[in-house]
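Chain residues, written in single-letter form:
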Amino acid sequence: MTSLAVVPGSFDPVTLGHLDVVERARNLFDEVHVVVVHNPAKSALLPVARRVELIEQSLADAGISDRVSVTSWSVGLLADYCQEVGANAIVKGIRTEVDVTYETPMAIVNRDLAGIETVFVLPNPAHSHVSSSLVRQVAALGGDVSPYVPSAVSAFMNSADYSER
Ligand code: PNS
């Protein structure tokens, strides 16, 4: 039987830390769905469709797109998506104890809702300080985000498409 992991997040934008988590999920499961979820608690930088495109391009550039698909989900609970596709687990990255505090209630709620387990992986410590919110802040103040994001994302953020938003 084929095993399927869901790697959800806002991915606004996708970072090198996210790619690390997808790669680890891909090492553990036969198939991976990266799911871009609109998080109403966060003010968005990029439209969801653009986030999906940038993830797809970044995965291809990193050579980890095989067995990985990218989609978005906006019509309800992540648990509903997991049930709909028959996922075996949600995979999340844990950088610091702050992530444990943030992720634990979500993992328990998702298990209550859909019986789905969350598998936590430890990303490369080189990325432990990297977050999308930090990237958004550096970008908003005109700084260089290229150390934190895949080249497809920094290229997009330096492009006219982005600066003319
Ligand atoms: O990258 P983020 O913003 O930390 O990801 C959080 C996300 C999008 C995975 C989380 O907010 C989520 O699962 N939202 C979907 C709505 C939902 O199912 N909420 C209840 C269960 S936690």
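Not measured: the values here are computed from a predicted model.

Student: I'm lost on unusual backbone geometry in this one. Help?
Tutor: What you tend to see is this: most non-glycine residues have negative phi, and most peptide bonds are trans. The residue after Asp-12, namely Pro-13, is reached through a cis peptide bond having omega 5 degrees. Along the chain, Pro-13 turns up in the loop between β1 (4–9) and α1 (16–28). For Phe-11, which is not glycine, the phi torsion reads 50 degrees and is therefore positive. Structurally, Phe-11 is set in the loop between β1 and α1. Non-glycine residue Arg-67 carries a positive phi angle of around 70 degrees. In this fold, Arg-67 is placed in the loop between α2 (48–62) and β3 (68–73).

Student: I would appreciate a short explanation of the site of the ligand in the present structure.
Tutor: The ligand sits among Pro-8, Gly-9, Ser-10, Val-37, Asn-39, Lys-42, Leu-77, Leu-78, Lys-92, Tyr-102, Met-106 and Asn-110. At 2.5 Å, a side-chain N or O of Ser-10 approaches an oxygen atom of the ligand. Its free accessible area being 530 Å², the ligand has 80% of it covered by the protein chains. Taken atom by atom, the bulk of the ligand overlaps the largest pocket. For the shell around the ligand, the secondary structure elements donating two or more residues are β1 and α4 (97–114). Take the shell around the ligand: its biggest share by element is 3 residues, from α4.

Student: Can you walk me through helix α5 (residues 132–140) in this structure?
Tutor: An α-helical turn contains 3.6 residues, so a residue and the one three or four places further along point in the same direction. For α5, every residue scored as buried is listed here: Ser-132, Val-135, Arg-136 and Ala-139. All buried residues of α5 lie within an arc of 100 degrees about the axis, which places them on one face of the element.

Student: Any chance you could explain the packing of aromatic side chains here in plain terms?
Tutor: Two numbers describe a pair of aromatic rings. These are the distance of the centres and the angle of the planes. With the rule as written, the count across this model stands at 1 aromatic pair. Centroid distance Trp-73 to Tyr-81: 5.2 Å. Interplanar angle 65 degrees. Geometry classified as edge-to-face. On the basis of relative accessible area, Trp-73 is assigned to the buried category, the value being 10%. In this structure Tyr-81 comes out as buried when scored by relative accessible area, which is 7%.

Reading the values: rules and limits
- Residues numbered from 1 in each chain as written.
- Predicted model: local features only at pLDDT ≥ 70, side-chain atom pairs only at ≥ 80, totals over all residues.
- Heavy atoms only, no water.
- Helix = DSSP H or I, 4+ residues; strand = E, 2+ residues; numbered from the N terminus.
- Near = heavy atom within 4 Å.
- Polar contact = N/O pair within 3.5 Å; in protein donor to acceptor, adjacent residues only side chain to side chain.
- Areas by Shrake-Rupley, 256 points an atom, 1.4 Å probe, with all protein chains shown as cover.
- 1 Å grid on protein atoms, 1.4 Å probe; cavity = no way out; pocket = protein on both sides within 12 Å on 5 of 7 lines; lining within 4 Å.
- Sits in = over half its atoms within 2 Å of the grid points.
- Buried < 20%, exposed > 50% of the residue type's maximum accessible area, 1.4 Å probe, protein only.
- Arc of directions from axis to C-beta.
- Phe/Tyr/Trp six-rings, centres within 6.5 Å; stacked < 30°, edge-to-face > 60°.

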